[in-house]
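Results of the structural survey
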Amino acid sequence: ERCVRRARGADREAEFTEFVTGASTMLLRAALVLLSSREEAEDALQLTLLRTFRRWDRAREAPEAYSRTVLVNVCRERWRHAKRHPEVPGVIDDAGPHAVVTSFAEAAERRHVLVRMLRRLPDVQREVLVFRYLLDASVADTAQALGIAEGTVKSAASRGLDQLRMLLSAEYEDKRVRRVHPR
């Protein structure tokens, strides 16, 4: 019986290790957008993986969905903590593999602007946009992970994208004006 338990434990760890290898990058990217610094995002990722492993028997049925939900809850805990204990936010330094830019400096600037604009959105809109477009989750998966209705996901995504477009347009228009007419 001891050998059987040991073998099950080894299988469990191997499954979890495979999941971590495949999902860590995606989860870290989401945490980078949702939180204020790379260190906080890495901490949130570690806590997410720890909580997922603790409940692996349940999570193994749909580990990506389970870990996304855990990540959102961890981020929400950090936001609540940050509201009670305000700090100066850091800058995210990860441009991501899908950026189409001409230089690292341009990539860093675009990412910084996008993240800053995302943080200006209401929490639900920001969470929905991260799930739908960064994590490439379906409407149903996003609704389940965030604990909201599918209709709310659709409307929050639509409103969030509209507001994000408006914020980004204003940001870049303001920069063009400043470049043409320096103060």
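Residues numbered from 1 in each chain as written. Predicted model: local features only at pLDDT ≥ 70, side-chain atom pairs only at ≥ 80, totals over all residues. Heavy atoms only, no water.

Time to look at the confidence of the model for the chain. For the chain, per-residue confidence averages 81 on the pLDDT scale, and residues scoring 70 or more make up 78% of the total. The low-confidence segment residues 87–101 (pLDDT under 50) makes 24 contacts with residues lying over four places distant or belonging to another chain. The low-confidence segment residues 177–183, where pLDDT is below 50, has 0 contacts with residues more than four positions distant or belonging to other chains. (pLDDT = per-residue confidence, 0-100. Contact = heavy atoms within 4.5 Å.)

The next point concerns the environment of Arg-120. Along the chain, Arg-120 falls in the loop between α5 (104–118) and α6 (123–134). Exposure remark for Arg-120: the relative accessible area of 53% places this residue in the exposed category. For Arg-120 and Gln-163, which are 43 residues apart along the polypeptide, the C-alpha to C-alpha distance reads 9.4 Å. (Helix = DSSP H or I, 4+ residues; strand = E, 2+ residues; numbered from the N terminus. Buried < 20%, exposed > 50% of the residue type's maximum accessible area, 1.4 Å probe, protein only.)

In this section: the pattern of salt bridges. Under the definition given, this model contains 9 salt bridges. Here Arg-78 ties to Glu-40 by a salt bridge, and the two come within 4.0 Å at their closest N and O atoms. Linking Arg-78 in helix α4 (residues 63–84) with Glu-40 in helix α2 (residues 38–54), this pair joins segments that are 38 residues apart in sequence. What makes Glu-40 partly exposed here is its relative accessible area of 22%. Residue Arg-126 pairs with Asp-123 through a salt bridge whose shortest N-O separation is 2.6 Å. One end of the pair, Arg-126, and the other, Asp-123, are both in helix α6, 3 residues apart, so they sit about a helical turn from each other. Taking relative accessible area as the criterion, Asp-123 reaches 33% and is therefore assigned partly exposed. (Salt bridge = Lys/Arg side-chain N within 4 Å of Asp/Glu carboxyl O.)

Turning next to the packing of aromatic side chains. Taken as a whole and judged by the stated rule, the model has 4 aromatic pairs. Aromatic pair Phe-16 and Phe-19: ring centres 6.1 Å apart, planes at 45 degrees, arrangement tilted. Placement of both Phe-16 and Phe-19 in helix α1 (residues 2–34) is noted, with a separation of 3 residues, approximately one turn of the helix. Of the two residues examined, Phe-16 and Phe-19, each falls in the buried class. Against the face of Phe-53 rests Arg-12, its NZ or CZ located 4.6 Å from the ring centre. Positioned above the aromatic ring of Tyr-133, the side-chain terminus of Arg-132 is 5.8 Å from the ring centre. (Phe/Tyr/Trp six-rings, centres within 6.5 Å; stacked < 30°, edge-to-face > 60°. Lys NZ or Arg CZ within 6 Å of the ring centre and 35° of its normal.)

With that out of the way, let us pick up α2. Given a rise of 1.5 Å per residue, 17 residues ought to cover 24 Å, and the 24 Å separating the end C-alpha atoms of α2 matches this to within 8%. Taken together, the buried positions of α2 are Ala-41, Ala-44, Leu-45, Thr-48, Leu-49 and Thr-52. For α2, the angular spread of buried residues about the axis comes to 135 degrees, placing them on one side. Of the residues in α2, the exposed ones pointing more than 90 degrees away from the buried face are Glu-39, Gln-46 and Arg-54. (Expected span 1.5 Å × (residues − 1). Arc of directions from axis to C-beta.)

Counting residues in each nonpolar core, the largest one holds 44 residues, and the members touching the most others are Phe-19, Leu-27, Leu-71 and Phe-131. Mapped by element, the contributors of at least two residues to this core are α1, α2, α3 (56–59), α4, α5, α6, α7 (139–146) and α8 (150–180). The element that contributes the greatest number of residues to this core is α1, accounting for 11 residues. Apart from the residues within four sequence positions on either side, Phe-19 is in contact with Leu-27, Leu-49, Thr-52, Trp-56, Pro-63, Glu-64 and Ser-67. (Core = buried A, V, L, I, M, F, W, Y, C linked by side-chain atoms within 4.5 Å.)

Another point: the environment of Leu-50. Its location among the elements puts Leu-50 in helix α2. Between the C-alpha atom of Leu-50 and that of Val-70, which follows or precedes it by 20 residues, the distance is 9.9 Å.

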